[in-house]
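Understanding the architecture of this molecule
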Amino acid sequence: LFLVSRFLKETNSNKTASIMHQIKEYPELLTSLPFWGYALSASFASGGYFAMLGGVPFVASQTLKISPSEFGTFMLFIATGYMIGNLLSGQFSQKVGLHKMMLLGSVVAISGLGIMVYNASFDTLTAFGFFVPLFFLGLGNGMFLPSAQANLLSIKPKLAGSASGVGSTLDLSMPLGGVVSSS
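Comments concerning helix H6 (residues 127-154)
Between its first and last C-alpha, H6 extends 41 Å over 28 residues, near the 40 Å set by a 1.5 Å rise per residue. Counting buried positions along H6 gives 20 out of 28 residues, so the element sits mostly inside the fold.

Considering the packing of helix H4 (residues 68-96) against H6
It is the contact of H4 with H6, at a shortest axis distance of 7 Å, that shows an interaxial angle of 30 degrees. For the element pair H4 / H6, the angle class is roughly parallel. As H4 packs across H6, the resulting crossing turns out to be right-handed. For the contact of H4 with H6, a count of residues per class yields 18 nonpolar, 10 polar and no charged.

Comments concerning the packing of aromatic side chains
Within this structure, the stated rule accounts for 10 aromatic pairs. For the pair phenylalanine 74 and phenylalanine 128, a centre-to-centre distance of 5.2 Å together with 85 degrees between the ring planes defines the contact as edge-to-face. In this pair, phenylalanine 74 is assigned in helix H4 and phenylalanine 128 in helix H6, connecting sequence segments 54 residues apart. Looking at phenylalanine 128, the relative accessible area reads 51%, which means it is exposed. Both rings, one in phenylalanine 77 and one in phenylalanine 128, keep their centres 6.2 Å apart while their planes meet at 80 degrees; by these two values the pair is edge-to-face. Placement of phenylalanine 77 in helix H4 and of phenylalanine 128 in helix H6 is noted, with a sequence separation of 51 residues between them. Classification of phenylalanine 77 as partly exposed rests on a relative accessible area of 25%. Here the aromatic residues Phe71, Phe74, Phe77, Phe128, Phe130 and Phe131 are joined through ring pairs into a cluster of three or more.

What to know about the pattern of salt bridges
Applying the stated criterion to the full structure yields 3 salt bridges. Residue glutamate 25 pairs with lysine 158 through a salt bridge whose shortest N-O separation is 3.9 Å. One end of the pair, glutamate 25, is in helix H2 (residues 19-30); the other, lysine 158, is in the loop between H6 and helix H7 (160-182), with 133 residues separating them in the sequence. The salt bridge involving lysine 156 is made with glutamate 28; its shortest N-O contact spans 3.9 Å. Linking lysine 156 in the loop between H6 and H7 with glutamate 28 in helix H2, this pair joins segments that are 128 residues apart in sequence.

Procedures and definitions
Residues numbered from 1 in each chain as written. Predicted model: local features only at pLDDT ≥ 70, side-chain atom pairs only at ≥ 80, totals over all residues. Heavy atoms only, no water. Helix = DSSP H or I, 4+ residues; strand = E, 2+ residues; numbered from the N terminus. Expected span 1.5 Å × (residues − 1). Buried < 20%, exposed > 50% of the residue type's maximum accessible area, 1.4 Å probe, protein only. Axes fitted to C-alpha atoms, helices over the stretch in contact; angles between N-to-C directions. Parallel < 35°, antiparallel > 145°, perpendicular 65-115°, else oblique. Left-handed = near helix turned anticlockwise from the far one by under 90°. Nonpolar A, V, L, I, M, F, W, Y, C, P; charged D, E, K, R; others polar. Phe/Tyr/Trp six-rings, centres within 6.5 Å; stacked < 30°, edge-to-face > 60°. Salt bridge = Lys/Arg side-chain N within 4 Å of Asp/Glu carboxyl O.

What follows is the structure, encoded as structure tokens:
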């Protein structure tokens, strides 16, 4: 904490005069339809990813009957996909554009889920048939989420900090709402 406070300086050069002034600017952000579009799309993508992370252990142990060590190895597919997706997003978002990167990420993620549904529909689901498509879910989310977050923050640049806070709250509360409602 000391190192952070010492070396990580504030990046907001346009601080508001008071917290009340900041609160008074919230309606400008909260009435923006593009803000809600990006915030909710990122939240739903996060929610799907968290739902997958919650369900995968059950499928792996109960349906696929794989050992915990095999499960850990197969989970690398998902994490590797997400890391590669983030790398691709960082390398190509400016060239391709944020909206196209979001679209590409969505198509890749949905394709992975489609492959998994196809594999499962023949009642011959294997660990590879389950986890390899999840690599594409991770890859797609890794491509989608950074672009969605960048768009979210760019809607009202003077309220980027507030947009980040509201967006992050939605990212975490949407999946939590799904977990609570399903239990």
